[in-house]
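A look at the structure
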There are 2 protein chains.
Amino acid sequence: MIYSTELIKGTLKTIVLKMLEDNKKMYGYEITQRVKELTSDKIQLTEGALYPTLHALEAEGLLTTEIEYIGKRVRKYYSLSPNGKTKSKERVNELAEFMDTMKFLLDIKTKLA
Amino acid sequence: MIYSTELIKGTLKTIVLKMLEDNKKMYGYEITQRVKELTSDKIQLTEGALYPTLHALEAEGLLTTEIEYIGKRVRKYYSLSPNGKTKSKERVNELAEFMDTMKFLLDIKTKLA
DNA sequence: TTTAATACATCAGATTCTTATGTATCTTTG
DNA sequence: CAAAGATACATAAGAATCTGATGTATTAAA
């Protein structure tokens, strides 16, 4: 099952920050592949969503970039800035808490009086 | 902590369906209050988001409505249609699975070789 | 040699949410 | 009793974010 992209809305930035927290330095295409791999193809980030998000995070000062050439092909590596590291932890914590809350909400079986 | 509404994006329809699955019959304002109560104020649905969502679910044939008057004040009760019941279970399952996947993703500490 | 994979990017259109506004009734409180 | 707050519906402009398409270019595989 591939998750309806509706669900991924709102979590993309957090996913990106977390990937960079765990891997120091990644390029866009690599992030899509890593997430696909880690989720057994269940989360497939589209480039049309990812690249604008990376640009936005960079504009917010959370990411820094360095260009590398592999042969003639360009790669743009992203890393967390100091602010990005802080923000990443915040975001991941918030999302984890949110998911706990949602799990509770979805498991409610009894009607309250 | 009130969750940044960014996180709620994409989960609103599922929350509404689930509330109706558990309570048979609810009106809009009641849903906002129930969710607020169940989440200790952490998820606060706005009316500007909720009412259009209810209308959309009704247009999709997932909800049915009945009007009731409390004094002179109107109340619009929503219930799951047969299709709505099926859809609700699908959505809740998908969201539960998605959250498991996300938890896994957020807990990854080690870099893969 | 042509298809697929790698790697970047942009953009029109769709969807969905926020915030504000509007209407109206009922309850509480100073 | 008047004002404020709670109850209860609804719409709409603007913002944010994603989809799906399109574009360019290099490298690897079939």
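Summary of the structure given here. (Residues numbered from 1 in each chain as written. Chains lettered and ligands numbered in written order. Predicted model: local features only at pLDDT ≥ 70, side-chain atom pairs only at ≥ 80, totals over all residues. Heavy atoms only, no water.)

Let's shift gears to the interface of chain B and chain A. Across the boundary between the two partners, chain B contributes 44 residues, which contact 44 residues of chain A. Both sides of the chain B and chain A interface together cover about 4,200 Å² of buried area, and 67% of this is carbon and sulfur. On the chain B side of the contact with chain A, Leu7, Leu105 and Leu106 of chain B bury the most area, a combined 16% of that side's loss. Residue lysine 103 of chain A pairs with aspartate 100 of chain B through a salt bridge whose shortest N-O separation is 2.8 Å. Viewed at the interface, chain A and chain B are joined by 4 residue pairs in polar contact (both at pLDDT 80 or more). Sorting the residues of the side of chain B that touches chain A by element identifies helix 1 (5-8), helix 2 (12-23), helix 3 (28-38) and helix 5 (82-107) of chain B as the ones contributing at least two each. The dominant element in the side of chain B that touches chain A, judged by the number of residues it contributes, is helix 5 of chain B, at 15 residues. Residue composition of the side of chain B that touches chain A, grouped by class: 20 nonpolar, 7 polar and 17 charged. (Contact = heavy atoms within 4.5 Å. Buried area = accessible area lost by both parts, 1.4 Å probe. Salt bridge = Lys/Arg side-chain N within 4 Å of Asp/Glu carboxyl O. Polar contact = N/O pair within 3.5 Å; in protein donor to acceptor, adjacent residues only side chain to side chain. Helix = DSSP H or I, 4+ residues; strand = E, 2+ residues; numbered from the N terminus. Nonpolar A, V, L, I, M, F, W, Y, C, P; charged D, E, K, R; others polar.)

Glancing now at the pairing of strand 3 (residues 73-80) of chain A. Residue and element names in this part refer to chain A. Looking at chain direction, strand 1 (residues 26-27) and strand 3 are connected through 2 bridges and run antiparallel. Counted as the bridge partner of tyrosine 27 is tyrosine 77 from strand 3. The pairing of strand 2 (residues 63-70) with strand 3 spans 8 bridges and is classified as antiparallel. Following the sheet pairing, glutamate 66 is matched in strand 3 by tyrosine 77. Hairpin connection from strand 2 to strand 3: 2 residues lie between these consecutive antiparallel strands, with glycine 71 at a positive phi of about 65°. (Pairing = 2+ DSSP bridges.)

In this section: the sheet that holds strand 2 (residues 63-70) of chain B. Residues and elements named next belong to chain B. One open sheet accounts for 3 strands, arranged 1-3-2; its pairing is antiparallel. Sheet topology places strand 1 (25-27) and strand 2 at the edges, where each strand pairs with a single neighbour. The average undirected angle you get between the axes of adjacent strands in this sheet is 35°. Sheet contacts for helix 2: strand 1, strand 2 and strand 3 (73-80); angle to strand 1, the most-contacted strand, approximately 130°. On the sheet, helix 4 (residues 47-59) packs against strand 2 and strand 3 and is oriented at approximately 50° with respect to strand 3. (Axes fitted to C-alpha atoms, helices over the stretch in contact; angles between N-to-C directions.)

Residue and element names in this part refer to chain B. Contact geometry for helix 3 and helix 4: axes closest at 10 Å, N-to-C directions at 125°. In terms of orientation, helix 3 lies oblique with respect to helix 4. Crossing handedness for the pair helix 3 and helix 4: right-handed. Every residue of helix 4 that contacts helix 3 at Gly28, Tyr29, Ile31 and Thr32 is listed here: Glu47, Leu50, Tyr51 and Leu54. Of the residues assigned to the contact of helix 3 with helix 4, the class counts are 5 nonpolar, 2 polar and 1 charged. (Parallel < 35°, antiparallel > 145°, perpendicular 65-115°, else oblique. Left-handed = near helix turned anticlockwise from the far one by under 90°.)

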